[in-house]
Amino acid sequence: NTFPLILIATTHRRFLPPTPLLKAAPNTMDGFGGRDLDTIDDQEERISEINKRLAYLQWRRSTVENSIRKIVDVNKRQAEHDTLMQISEARGLAKQKWTQEIVADELCKPLELSKKFVQDFHEQEKREQETERKTVENHLKSLNKLKERVLSSPQGQSNPEIMARISNLERHLAA
């Protein structure tokens with residue numbers, strides 16, 4: 001009275017809740033549907049238990065596969081990111097080297113200036129020197145007027161610190 005054991009999942013669900021591990025069926029040799037089951041009812045119950053176990057294992061397999069896919073995708077994206085970073089760093093270094101070569105090459109060449117540029121430069125320099133000289137003269141005149149006012153006031157004659165500061169400013173401007 002042996003009935004052939006056929007494992008067929010009655011319904012395939014992608015995500016089933018976890019079920020507890022199956023207990024060994026009574027009167028079996030191995031606990032997983034051995035050949036010496038007592039009745040057909042026990043056999044049908046065992047088939048139902050095995051189908052539940054199979055559905056649970058299929059669910060676990062799909063969740064593990066999904067997590068593996070996610071990990072592979074993350075690793076792939078990280079590898080692509082690392083590759084792009086290496087490429088951009090290499091491009092940055094190449095561009096920096098290229099720029100340095102151009103600067104070094106240009107610094108080796110003599111500076112070519114036109115006569116007009118040199119004349120304009122010298123004229124501008126003379127104008128700036130003249131402006132600076134006039135500014136210093138104006139400051140010295142102002143200091144002399146301040147010195148005269150301080151010496152004419154009774155407070156200035158009794159305070160040598162003010163006169164020392166004015167003398168320091170005069171020396172600084174004269175230099």
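Located above this text is the structure these notes cover.
The present account deals with the structure reproduced in this document.

1. A few points about a nonpolar patch on the surface
A contiguous nonpolar surface patch, about 510 Å² in accessible area, is contributed by L111, L113, F117, V118 and F121. Tracing the chain through its elements places L113 in the loop between α1 (40–108) and α2 (115–152).

2. Some points on the pattern of salt bridges
Taken as a whole, this structure holds eight salt bridges when the rule is applied. Of the charged contacts, one joins D120 and K116 as a salt bridge, the two residues approaching to 3.2 Å between their closest N and O atoms. One end of the pair, D120, and the other, K116, are both in helix α2, four residues apart, so they sit about a helical turn from each other. A salt bridge links E130 to R133, with the nearest nitrogen and oxygen atoms 2.1 Å apart. With E130 and R133 both in helix α2 and three residues apart, this pair spans about one turn of that helix. Residue classification places E130 among the partly exposed residues on the basis of a relative accessible area of 32%. We classify R133 as partly exposed; its relative accessible area is 40%. Salt bridges sharing partners connect three or more residues here, namely R61, E65 and R69.

Cut-offs used in this document
Residues numbered from 1 in each chain as written. Predicted model: local features only at pLDDT ≥ 70, side-chain atom pairs only at ≥ 80, totals over all residues. Heavy atoms only, no water. Patch = residues over 30% accessible without salt bridge, like charges linked within 9 Å, V, L, I, M, F, W, Y side chains within 5 Å. Areas by Shrake-Rupley, 256 points an atom, 1.4 Å probe, with all protein chains shown as cover. Salt bridge = Lys/Arg side-chain N within 4 Å of Asp/Glu carboxyl O. Helix = DSSP H or I, 4+ residues; strand = E, 2+ residues; numbered from the N terminus. Buried < 20%, exposed > 50% of the residue type's maximum accessible area, 1.4 Å probe, protein only.

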